[in-house]
Amino acid sequence: MGKVKNILFIMSDQLRADYLSCAGHPNLETPNIDGLAARGVMFSHAYVQAPVCGPSRMSFYTGRTAFSHGATWNFVPLPVGELTLGDYLRPTGMRVALVGKTHMRPDLDGMRLRGISGDSEMGVNISQCGFEPYERDDGEHPNQIADPDLPYNKYLRDLGYDSKNPWNDFANSAESEDGELLSGWLMRNSHLPARVREEHSETPYMTNRALDFIKEQGEDPWCLHLSYIKPHWPYIAPAPYHNMYGRNDCLPLVRADGERDNPHPVYQAFMNHTSGQAFGRQEVCEAVKPVYMGLVKQIDDHLGRLFAYLEDAGRMEDTMIVFTADHGDYLGDHWLGEKELFHEPSIRIPLIIYDPSAAADSTRGTTEDRLVEAIDLAPTFLESAGVKIPTHIVEGRSLAPLLHGETVDDWRDEVLTELDYAYYKARLDLGISPSEARCYMIRGQRWKYIHYMGFRPQLFDLENDPDELTDLGDSPDHADIRAEMHSHLFERLTRRKNRTTVPDEVVVERTDGSRKVGVIIGEW
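Overview of the structure.

Analysis parameters
Numbers given for residues are sequential positions, taken from 1 along each chain in its written order. Residue-level local features of this predicted model are given only where pLDDT is at least 70; pairs of side-chain atoms are given and counted only at 80 or more, and the full residue set underlies all totals for whole chains, interfaces and linings. Note that water and hydrogens are dropped before the side-chain values are worked out from all heavy atoms of the structure. Note on conventions: DSSP H or I runs of at least 4 residues are helices, E runs of at least 2 residues are strands, and numbering of each starts at the N terminus. Any two residues whose heavy atoms approach within 4.5 Å at even a single point are treated as in contact. In this scheme, a residue with accessible area under 20% of its type's maximum is buried, one over 50% is exposed, and one in between is partly exposed, where area comes from a 1.4 Å probe on protein chains only. Polar contact criterion, stated in full: a pair of N or O atoms within 3.5 Å, where within protein one must be able to donate a hydrogen and the other to accept it, and residues adjacent in sequence count only if both atoms are side-chain atoms. When DSSP finds two or more bridges between a pair of strands, those strands are recorded as paired. Between Lys or Arg on one side and Asp or Glu on the other, a salt bridge is scored when a side-chain nitrogen of the former is within 4 Å of a carboxyl oxygen of the latter.

What to know about the environment of Y228
Moving on, step 1. Considering the arrangement of structural elements, one finds Y228 in strand β8 (residues 222–231).
Moving on, step 2. Expressed as a C-alpha distance, the spacing of Y228 and R16, which sit 212 residues apart in the sequence, is 14 Å.
Moving on, step 3. Every residue in contact with Y228, bar those within four places of it in the chain, is listed here: I10, M11, S12, D13, T203, M206, T207, I299 and L303.

With respect to the side chain of T324
Moving on, step 1. Tracing the backbone through its elements, the reader meets T324 in strand β9 (residues 319–325).
Moving on, step 2. Taking relative accessible area as the criterion, T324 reaches 0% and is therefore assigned buried.
Moving on, step 3. At 2.8 Å, the side chain of T324 forms a polar contact with the backbone oxygen of P350.
Moving on, step 4. Not counting residues within four places of it along the chain, the set of residues in contact with T324 comprises F9, I10, M11, S12, F60, I349, P350, L351 and L377.

Re the pairing of strand β15 (residues 438–443)
Moving on, step 1. For β15, the tally of buried residues reaches 5 of 6 residues, placing the bulk of the element in the interior.
Moving on, step 2. Note: strand β14 (residues 415–420) against β15, 6 bridges, orientation antiparallel. Across the sheet, the residue bridging to V415 is R443, located in β15.
Moving on, step 3. Counting the residues between successive antiparallel strands, the hairpin from β15 to strand β16 (residues 447–452) contains 3 residues.

Quick look at the pattern of salt bridges
Moving on, step 1. Under the counting rule described, the total for this entry stands at 45 salt bridges.
Moving on, step 2. Between K5 and E219 there is a salt bridge, and its shortest N-O distance comes to 3.5 Å. With K5 in the segment before β1 (6–13) and E219 in the loop between α9 (202–217) and β8, this residue pair connects regions lying 214 residues apart in the sequence.
Moving on, step 3. On the accessibility criterion, K5 (25% relative accessible area) is partly exposed.

A few points about the environment of G304
Moving on, step 1. You can see G304 is positioned in helix α12 (residues 282–312).
Moving on, step 2. In this structure G304 comes out as buried when scored by relative accessible area, which is 16%.
Moving on, step 3. Residues G304 and I33 lie 271 residues apart in sequence; the distance between their C-alpha atoms is 8.0 Å.

The analysis is restricted to geometry; functional conclusions fall outside its scope.
In structure tokens, the structure reads:
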């Protein structure tokens, strides 16, 4: 094995941790991702900083928690001045590029205030969260907001898909027996094949674009973020993936009637969402979950193409490969659809890291059970590229010691996840202001504690209730545990990195130094 020259950072949108065969799914076979795990390390307890696309991704890219970087939801811009992977890696000579989704919203007001043009090199870097947009596509193009110049739409039209918006009308729509267009946005159509040929659908297209980039780079170093749109909704797949699996192939639902008896107010409000009401029905779960599996299988098949090219080109010798997701998907568990809240199906993600360096040989094919976070990837990438980690800014920890089999006695005991739910209908139903719609979770090996502004907490005993079916948030017998976990949460929140403009070394150098520069304070 060689050393790290390139980084391939693969993210699959809305992929649960348990929907891979290497993670234990009994019927969904993902041999190519499994093969990556066999050559690297699979982290069994990896958690996102926010169970929503935008803030989660910004935490991956900055190494900072959601309320530290400030882009707390999808429509909230990442503030100008928040440093990202591109800011750290590009000075090393790496070309840092994107193929796929970021959900980034640029801070246009901040750029305007500083006189930064969006067309300038700096403006592009800031507005694309540090990535060169080799092919950015966030994968949501309904007719009302579709970009007429979307490259994927042009690609489809050039192939003969006759539509102003073939993303909507072919890649994410089906067709009835009498030729009626059936929207893929409607889950009742998810069992039907998309109108696009498989080789022209989004996953192979993005894989092709990643191959284009890698081939274009030749021997020059690169970091490529290949960010797949699927298995995120619309839940619709091209043939043959649309019916590759059936309801008997799906994992059983994790939910209990008791969860709906006097539930936590915020939990109830999310169950009342359209997605919660839909996935509360057995027929919806049985229709969607097989297609979700097909979309995952399609990703694995095309990753097989990509990995085969890297092998043939000798890039497996010098390329770190990461496979992960931005969050999970309830898929009906706990009577919920989508993500957002803090049960394991929503916040736990797959994480596999292949490190080509010889230092990682001792851990190949192993599973690491310690608690890791999305913010750990940024410092891992920096260390692998020989970049000094700015510990006064980055809140995560490099995973290199775990990848290299080193003894680490002070690894974290708990992980933090946060949610800003100000934009959701749940907030309106609860009658609270946008600034009050916040909640924070801290999870240890046994206890998971969730603090809600203005509402009682939730508490789950993961040792005796691993499926999180019994909320102990108002149990008199667990008041001491709640108080202890609340103090742990408070301690974690106070450790945010907010003094981002001055590193600790400078602080140490200047501590108690006023007399050295002739400033004498308080002496008689």
